[in-house]
Structures are given as C-alpha cells and as structure tokens.
Amino acid sequence: AGFVPAEALGDRGPGRTVAMTLNVGSRSGVTPYAPVIAPGGLVGRVRSVDPTTSVVELFSSETFRVSAMTQDQRVVGIVRAHT
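Since we're looking at a predicted model, the values are computed, not measured.

Chemist: How should I be thinking about the overall build of the protein in this particular structure?
Modeler: If you tally the helices and strands in the protein, you get zero helices and seven strands. When the helices and strands of the protein are listed from N to C terminus, the series reads β-β-β-β-β-β-β. On the principal axes, the C-alpha backbone points of the protein span a range of 40 × 35 × 20 Å. Sequence-distant contacts, at least 24 apart, represent 32% of the contacts inside the protein between residues at least 6 apart. Accessible surface for the protein amounts to roughly 6,000 Å². Of this, 54% is attributable to carbon and sulfur atoms. For the protein, the distance from the average site of its 8 positive side-chain charges to the average site of its 6 negative ones is 6 Å.

Chemist: How do you make sense of the confidence of the model for the protein when you look at a structure like this?
Modeler: Do not read the predicted coordinates in detail wherever pLDDT is low. Overall, the prediction assigns the protein a mean pLDDT of 89, with 90% of residues at 70 or greater. Within the protein, the lowest mean pLDDT, 75, falls on strand β1 (residues 8-12), and the highest, 95, falls on strand β7 (residues 76-79).

Chemist: What is the right way to look at a nonpolar patch on the surface in this model?
Modeler: The grouping of Phe3, Ile37 and Leu42 at the surface amounts to a nonpolar patch, some 340 Å² of accessible area in total. Among the structural elements, Leu42 can be located in strand β4 (residues 41-49). Classification of Leu42 by relative accessible area gives partly exposed; the value is 37%.

Rules used throughout
- Residues numbered from 1 in each chain as written.
- Predicted model: local features only at pLDDT ≥ 70, side-chain atom pairs only at ≥ 80, totals over all residues.
- Heavy atoms only, no water.
- Helix = DSSP H or I, 4+ residues; strand = E, 2+ residues; numbered from the N terminus.
- Contact = heavy atoms within 4.5 Å.
- Areas by Shrake-Rupley, 256 points an atom, 1.4 Å probe, with all protein chains shown as cover.
- Lys, Arg positive; Asp, Glu negative; His and termini not counted.
- Charge placed at Lys NZ, Arg CZ, Asp CG, Glu CD.
- pLDDT = per-residue confidence, 0-100.
- Patch = residues over 30% accessible without salt bridge, like charges linked within 9 Å, V, L, I, M, F, W, Y side chains within 5 Å.
- Salt bridge = Lys/Arg side-chain N within 4 Å of Asp/Glu carboxyl O.
- Buried < 20%, exposed > 50% of the residue type's maximum accessible area, 1.4 Å probe, protein only.

Below is the structure:
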C-alpha cells in the first residue's frame, strides 16, 4: 500500500479540533480506517472517504482509540488521548 502524501484542507468540529479534511481520497488509494501519520507520529485515522478528499478523526478526539504494543512486544493495550 505505501504512503499517500496529503495536505490538510481545514478543521472540522466545534470548539476543539477533532477532525480534519485531507486533499486525497479513494482515487489516491485512501481507505476508511487507514492510519494517518506525520513525522512526529500518529495523527489519527481516516473516518470517511470520497474520490478526492477524506475526513480524519484526530487522536485528540475523545472517541479515538488505537491498539498499541511495546517495542519488545511484551505489553499490549489500548491508547487514548487524555484531556
């Protein structure tokens, strides 16, 4: 699958930003639930896709959860943002 470079088009959601729109969609190979990463790490996951854009649920959303594991693979769990 590889990586699909994208640019953020804007924020979505009242108050605190919990989602953003990217300028790539299904025509570029983006699929729902795909992880979205930046040089600093995980940003969120794709929530919905149309042919040319996608909406990303950000890690900062209260409903966002992701599975995680330690580097030595000895501990697994669910990670969420703490607000």
